[in-house]
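# Architecture at a glance
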Amino acid sequence: MRKKADWQNIFIEFIEENRFKKFKWGKWDCCLFADACIKAMTGESVIPATLKWNNKETAQEAIVNYGKTLNGALTKACKAKKIKQIKPIYVTTGDLVLFKEESELVGISDGFNILAPSDNGLSVKPHSLIQKVWRVNG
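Structural notes, computed from the coordinates. (Residues numbered from 1 in each chain as written. Predicted model: local features only at pLDDT ≥ 70, side-chain atom pairs only at ≥ 80, totals over all residues. Heavy atoms only, no water.)

### Some points on the environment of Leu 51
Applicable threshold: Helix and strand definitions here come from DSSP, where helices need a minimum of 4 consecutive H or I residues and strands a minimum of 2 consecutive E residues; each element is numbered from the N-terminal end. Residue contacts are counted whenever heavy atoms from the two residues lie within 4.5 Å of one another.
Here Leu 51 is to be found in the loop between helix 2 (30–42) and helix 3 (56–67). Distance in space between the C-alpha atoms of Leu 51 and Val 106 is 16 Å, their sequence separation being 55 residues. Ignoring any residue separated from it by four or fewer positions in sequence, one finds Leu 51 in contact with Ala 62 and Tyr 66.

Set out below in structure tokens:
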């Protein structure tokens, strides 16, 4: 999996086009947002095509069946796509992140913060919440 030559411009356009899109399980949740961003930058999805969900319960079921936890599922999906894990201190724009608030969540770094969908559009969270980071082309 490799980023397109103009991935930085694609990233900016993707964020601009989706910044007001509101969270909805199975349509625009943290996993689907991050996957769509990576797909825009690379042309490939990280989430296996066989994984589907449409609400919180089916999302949790998909995670448990695929990787036991969100951390496990994300690690497994990244390994399958040969996306390398890096140390959180090296996080930069376009990196896939696992972060923790009340629970584990997935986001994309904009180089300064974590971006993830919320009920009000994209939310901005501090990098201090990061638990793991993966870099396409890393």
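### Re the pairing of strand 2 (residues 96–100)
Looking along a regular strand, one sees the side chains alternate between the two faces of the sheet. As a reminder, the rule being used: Remark: exposure states derive from per-residue accessible area (1.4 Å probe, protein chains only) relative to the maximum for the residue type, with buried under 20%, exposed over 50%, and partly exposed in between. DSSP bridges decide pairing: two strands pair if at least two such bridges lie between them.
The element strand 2 is largely enclosed, with a buried count of four among its five residues. Across five bridges, strand 2 lies against strand 3 (residues 104–109) in antiparallel orientation. The residue bridging Val 97 from the neighbouring strand is Gly 107, located in strand 3. Hairpin connection from strand 2 to strand 3: three residues lie between these consecutive antiparallel strands. Relative to strand 6 (residues 130–135), strand 2 runs antiparallel, the two sharing four bridges. Its bridge partner lying in strand 6, Val 97 is registered against Val 133.

### Here's the deal with the packing of helix 3 against helix 4 (residues 70–80)
Geometry of a packed helix pair, given as the angle between the helix axes and the separation of the axes. Quick note on the threshold: Axis definition: a line fit to C-alpha positions, over the contact stretch in the case of helices; interaxial angles, taken between N-to-C directions, run 0 to 180 degrees. An angle below 35 degrees is read as roughly parallel, one above 145 as roughly antiparallel, one from 65 to 115 as roughly perpendicular, and any other as oblique. Rotating anticlockwise by less than a right angle from the far helix to the near helix defines a left-handed crossing, while the corresponding clockwise rotation defines a right-handed one. Residues are sorted three ways: Asp, Glu, Lys and Arg are charged, Ala, Val, Leu, Ile, Met, Phe, Trp, Tyr, Cys and Pro are nonpolar, and all the rest, Gly among them, are polar.
The geometry of helix 3 relative to helix 4 is characterised by a closest axis approach of 8 Å and an angle of 60° between their N-to-C directions. Here helix 4 runs oblique to helix 3, going by the angle between their axes. Of the two elements, helix 3 crosses helix 4, and the hand of that crossing is left-handed. Where helix 3 approaches helix 4, its residues Ile 63, Tyr 66 and Gly 67 are matched on the opposing element by Leu 70, Gly 72, Ala 73, Lys 76 and Ala 77. Split into classes, the residues belonging to the contact of helix 3 with helix 4 amount to five nonpolar, two polar and one charged.

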